Number of protein chains: 2
Amino acid sequence: MQHRIVVVGAGFGGLEVVKDLAGAPVSITFIDRRNHHLFQPLLYQVATASLATSEIAWPIRSLVSDRPEVTTVLATVTGVDAGRRSVLLQDGQAVPYDTLVLATGARHAYFGHDEWEAFALGLKTLEDATTIRRRILLAFEQAERETDPLRQAALLTFVIVGAGPTGVEMAGTITELARDTLPREFRNIDTARARVVLIEAGARVLAGFPDELSDYALRSLRKLGVEVELGRAVSDCTADSVTYGDVRLPTKTIIWAAGVRASPAAEWLGAPADRAGRLEVMPDLTVPGHPEIFAVGDTVTVAGPNGKPVPGIAPAAKQEGKHVAAIIKARLAGKVEAMPFRYSHQGSLAQIGKRRAVIDFGRIRLRGALAWWLWGAAHIYFLIGSRARLSVAINWLWIHARNQRSARLITQGDAAEQSLGRQAEPPVSGRIG
Amino acid sequence: MQHRIVVVGAGFGGLEVVKDLAGAPVSITFIDRRNHHLFQPLLYQVATASLATSEIAWPIRSLVSDRPEVTTVLATVTGVDAGRRSVLLQDGQAVPYDTLVLATGARHAYFGHDEWEAFALGLKTLEDATTIRRRILLAFEQAERETDPLRQAALLTFVIVGAGPTGVEMAGTITELARDTLPREFRNIDTARARVVLIEAGARVLAGFPDELSDYALRSLRKLGVEVELGRAVSDCTADSVTYGDVRLPTKTIIWAAGVRASPAAEWLGAPADRAGRLEVMPDLTVPGHPEIFAVGDTVTVAGPNGKPVPGIAPAAKQEGKHVAAIIKARLAGKVEAMPFRYSHQGSLAQIGKRRAVIDFGRIRLRGALAWWLWGAAHIYFLIGSRARLSVAINWLWIHARNQRSARLITQGDAAEQSLGRQAEPPVSGRIG
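Parameters and conventions
Residues numbered from 1 in each chain as written. Chains lettered and ligands numbered in written order. Predicted model: local features only at pLDDT ≥ 70, side-chain atom pairs only at ≥ 80, totals over all residues. Heavy atoms only, no water. Buried < 20%, exposed > 50% of the residue type's maximum accessible area, 1.4 Å probe, protein only. Helix = DSSP H or I, 4+ residues; strand = E, 2+ residues; numbered from the N terminus. Expected span 1.5 Å × (residues − 1). Contact = heavy atoms within 4.5 Å. Least-squares fit on C-alpha atoms with pLDDT ≥ 70 in both. Pairing = 2+ DSSP bridges. Axes fitted to C-alpha atoms, helices over the stretch in contact; angles between N-to-C directions. Left-handed = near helix turned anticlockwise from the far one by under 90°. Nonpolar A, V, L, I, M, F, W, Y, C, P; charged D, E, K, R; others polar. Core = buried A, V, L, I, M, F, W, Y, C linked by side-chain atoms within 4.5 Å. Domains from an automatic or database assignment. Buried area = accessible area lost by both parts, 1.4 Å probe. Salt bridge = Lys/Arg side-chain N within 4 Å of Asp/Glu carboxyl O.

Asker: Hey, could you run me through helix α1 (residues 12-20) of chain B in this one?
Answerer: Most of α1 of chain B is tucked away, with 8 of its 9 residues classed as buried. Here α1 of chain B has its buried residues at Phe-12, Gly-13, Gly-14, Leu-15, Glu-16, Val-17, Val-18 and Asp-20 of chain B.

Asker: Explanation requested: helix α9 (residues 314-332) of chain A in the structure shown.
Answerer: Think of an α-helix as 3.6 residues a turn; residues three or four steps apart then line up on the same face. All names here are of chain A. The terminal C-alpha atoms of α9 lie 27 Å apart, and with 19 residues this matches the ideal 27 Å at 1.5 Å per residue to within 8%. For α9, the elements touching its buried residues are β1 (3-8), α1 (12-20), β9 (99-102), β22 (290-295) and β23 (300-301). Of the residues trailing α9, Gly-334 is marked for its positive phi of about 85°.

Asker: It is not clear to me how the relation of the copies chain A and chain B should be interpreted in this structure. Could you clarify?
Answerer: One copy of the chain maps onto the other through a rotation about an axis plus a displacement along that axis. Take chain A, turn it by 180°, move it 0.0 Å along the axis, and it overlays chain B with an RMSD of 0.0 Å. Classification of the inter-copy transformation places it as that of a two-fold axis. Most of the interface of chain A is mirrored in chain B: 100% of its interface residues are interface residues there too.

Asker: How should I be thinking about the pairing of strand β24 (residues 348-351) of chain A in this particular structure?
Answerer: A regular strand places its side chains on the two faces of the sheet in alternate fashion. All names here are of chain A. Where β24 lies against strand β25 (residues 357-361), 4 bridges are found, and the strand directions are antiparallel. What sits directly across from Ser-348, in β25, is Asp-360. The hairpin turn running from β24 into β25, its antiparallel successor, is 5 residues long, and Gly-353 in that turn takes a positive phi close to 70°.

Asker: How should the sheet that holds strand β7 (residues 86-89) of chain A be read in this particular structure?
Answerer: By definition, the strands of a sheet pair up through backbone hydrogen bonds, in either a parallel or an antiparallel sense. All names here are of chain A. If you walk across this open sheet you meet the 3 strands as β6-β7-β8, and the pairing is antiparallel. Both edges of this open sheet fall to β6 (77-81) and β8 (94-96), since each of them pairs with a single strand only. When strand polarity is set aside, the average angle formed by the axes of neighbouring strands in this sheet is 25°. With 4 bridges connecting them, β6 and β7 associate as antiparallel partners. Across the sheet, Gly-79 pairs through a bridge with Leu-88, a residue of β7.

Asker: Looking at this structure, how should I read the sheet that holds strand β15 (residues 234-237) of chain B?
Answerer: Residue and element names in this part refer to chain B. Taken together, the 3 strands give an open sheet; going across it, the order is β15-β16-β17, and neighbouring strands pair in antiparallel fashion. Only two strands of the sheet have a single partner each, and these edge strands are β15 and β17 (247-250). Shown here is a sheet whose adjacent strand axes are inclined to one another by a mean of 20°, direction ignored. As defined by bridge partners, β15 adjoins strand β16 (residues 241-244) across 3 bridges and the pair is classed as antiparallel. Bridge pairing links Val-234 to Tyr-244 in β16.

Asker: What is the right way to read the packing of α1 of chain B against helix α9 (residues 314-332) of chain B from this model?
Answerer: How two helices sit against one another is set out by the angle between their axes and by the gap between those axes. Residue and element names in this part refer to chain B. Two numbers describe how α1 lies on α9: the axes approach to 7 Å, and their chain directions differ by 35°. Like other packed secondary-structure pairs, α1 and α9 cross with a definite hand, here right-handed. Here Phe-12, Gly-13, Glu-16, Val-17 and Asp-20 of α1 lie close against α9, whose contacting residues are Ala-314, Ala-317, Lys-318, Gly-321, Lys-322, Val-324, Ala-325 and Lys-329. Its residues placed into classes, the contact of α1 with α9 shows 6 nonpolar, 2 polar and 5 charged.

Asker: Mind showing me how you'd approach unusual backbone geometry here?
Answerer: Glycine aside, residues mostly have negative phi, and peptide bonds are mostly found in the trans state. Residue and element names in this part refer to chain A. In the Ramachandran plot, Leu-206 falls in the positive-phi region, its phi being about 45° despite a non-glycine side chain. Checked against the element boundaries, Leu-206 lands in the loop between β13 (195-200) and α7 (211-224). Given a relative accessible area of 0%, Leu-206 falls into the buried group. Positioned with a positive phi, Leu-285 is a non-glycine residue whose angle comes to about 70°. Here Leu-285 shows up in the loop between β20 (279-280) and β21 (286-287). Owing to a relative accessible area of 0%, Leu-285 belongs among the buried residues under this scheme.

Asker: It is not clear to me how the nonpolar core should be interpreted in this structure. Could you clarify?
Answerer: As a rule of thumb, soluble globular proteins bury nonpolar side chains together. Counting residues in each nonpolar core, the largest one holds 66 residues, and the members touching the most others are Leu-42, Ile-56, Phe-140, Met-170, Leu-198 and Val-205 of chain A. It is helix α4 (residues 126-145) of chain A that provides the largest number of residues to this core, a total of 7 residues. When residues of this core are assigned to domains, at least three fall in each of domain 1 (3-32 + 75-104 + 263-332) and domain 2 (114-258 + 347-418) of chain A. Formed by 65 residues, the second largest nonpolar core is a distinct cluster that contains Ile-160, Val-196, Leu-206 and Ile-399 of chain B.

Asker: Would you explain the domain arrangement of chain A in this entry?
Answerer: Note on interface size: it is often stated as the accessible area lost on association of the parts. The assigned domain composition of chain A is domain 1 (3-32 + 75-104 + 263-332) and domain 2 (114-258 + 347-418). Inter-centroid distance (C-alpha atoms) of domain 1 of chain A to domain 2 of chain A is 32 Å.

Asker: What should I look at first to understand the interface of chain A and chain B in this one?
Answerer: In this assembly, 73 residues from chain A lie in contact with 73 residues from chain B. Note on chain A versus chain B: buried area summed over both sides is about 6600 Å², and carbon and sulfur give 51% of it. Seen at the junction of chain A and chain B, the total is 4 salt bridges. Ionic pairing is found between Arg-61 of chain A and Glu-141 of chain B, a salt bridge with its closest N-O pair at 2.7 Å.

Asker: Before we go on, may I ask you to explain the pairing of strand β26 (residues 364-368) of chain B in this structure?
Answerer: Residues and elements named next belong to chain B. With 5 bridges connecting them, strand β25 (residues 357-361) and β26 associate as antiparallel partners. Bridge assignment links Phe-361 to a residue of β26, and that residue is Ile-364. Connecting β25 to the next strand, β26, in antiparallel fashion are 2 residues, including Gly-362 with a positive phi near 85°.

Following this line, the structure appears as structure tokens:
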């Protein structure tokens, strides 16, 4: 019988494993809770109405449709029975494997304050993105009709917690939405007056970048009008405010770009994990004591060349996926020598609003317009398929030429309610606070 | 003080009124429950994963951003106080008017069987469309994993009730999705075997068209593989079946394209209405006894030239909107002569799957590929803005060149749940039935 490989998770890491196993004499079961692969690096553009969901997500089935040996399964994994070598699904089914690859990713985390999750919106899924989009657009709608100046101010205050790439990109894009796209459309409020506050516990923004690029990013954000609060840890989030240091800032919109917590992969296996729940894998990305189980991407922690842990970014997950596929193929060919994973950092990119970005290629460091064009080209290049590339390019063209953002739709999202025909009312028609 | 006009509803009719009042010395309040104008004629393409929501919907504010005299209000209207001349909003506010235009549309109706609504999905809003899209895609996913042949057959049976343009277009597109787009992606089922059943109580499909075109549509649908059941009224809908005539057909997906019911505009005014709840307006589209209140579009019924009621289609709503704007401008100019509305039918179009359509221009009747190209050109022409036109054209190109449907995303839609971070599980992981 053919070697049975089960890959759980169709993010960058899992997809790479499946891709690189093309031609190998194996049967692959590709399991994900969702039917689509998501291009996470541009998710914030869906959250800010710049791109449509279908431009950064692809049905997993369509990505492997030319691979008869791959069976795609839309299901939720609830555990792993390492003894019986099978993956347990929520519907009670068990999927047997000879080799298992866990690429189950991470979700935003609240440093032990899960109660904040209801107020501080994370950004990991398409639903997260459309929820944030709706909340941002509704805040402007509610502010337009709000007569109480304090409530109006809170509605026009957007807080982003965490100044990593996602936080910086959200802050920049929301500011542009308010300054460039919306002003002419409202009669009672000046959307350009909206406050965008970026709160970071650390000493600088984009801490993963060299100081000079962090400084440039900080200057650019402030020039753009973003209020950057450094060295301030958030101590509370509520429906009406965020508290950091000794400041209690009234706001109706908090976006959480601070912490992440790994998927429960480590718990499934009873394997060692770090404080963020990341599986501590062996140098060859296998799980300690389980050479037949690999783990890649945001759900693992592994040391990079410089001793620092490999960063939780798409290129790292892809490299890990490639490495795992290579080991599996080597084993199938009867080779068994140890193959430690070696991460090579190709560079870090972050966009800081329109026509501004920073790129760190190690020796070469770029910033400003040139970096922004490279950032755009790189992201379009890494999208899947010419339709998405063309479509995203067109949207960006319209945004930059006309400040039009095509996806400014407030949809209730509550499909159940809709299919029951109850007409969804935007919260705006209720009182605020 | 300037003449105050309140327009309720930003569909084709309401939008046309606001557009045509450009330059008039009036102040306009433009109220809608949603933040977007929807291009209804292509909504079925969102429901069948052909187009993205942002390609057929535009923020109302952006459509009137260059009209300082227009104030857009996102709110739900709950009634009209004709005595005090004000529109009542759900949040308790009242919006005063000198002239009121009601363009509040219609919603699907179930011939007094509201209990069917939970099982027979209507198609009026973006949420309706994404719900149907999710249900169709999930049915295939569930069938792929279903071991019980009867349950599998029910999952692969798609029933459309009502063979008007929407029903015919849905039936054709779902068939193509199953035959052309999905087959290579599934391993356990042959999606091409999916049954698409179109049930019509009347004697023919596209009853609004001349016999010869109806016959052509019927032949085309059957050639495509659609099972068309004519002269059969649906007598029951449940979660697992639809009953028509003496047949009880097991199915997990019922799409309702049969009846519509007008918005409660007539109830708000205590005005006479027909059985479908449509306001019976005067020949000049005013409400009997209320020359200061106009009503247009799907929420009214008015006689056309041939004595037959004006059809509930976009061009008719637009013509009514133009007429109302003209009367308002005439009155502002001090002219008061009666101006009865005269509907001129420019033609009827319906697509029957790829490269097949019927067009009735009265004397000229077209069918087949030429009609299909005209149908496509006309719809792209009527979209708003070159971005949407370009984007839709690209998507159609990919569909027809490669059978790719870009928007095949199963999103839970339950944004509240998502923002609470609970991870949405696709129903597939539960048992079926």
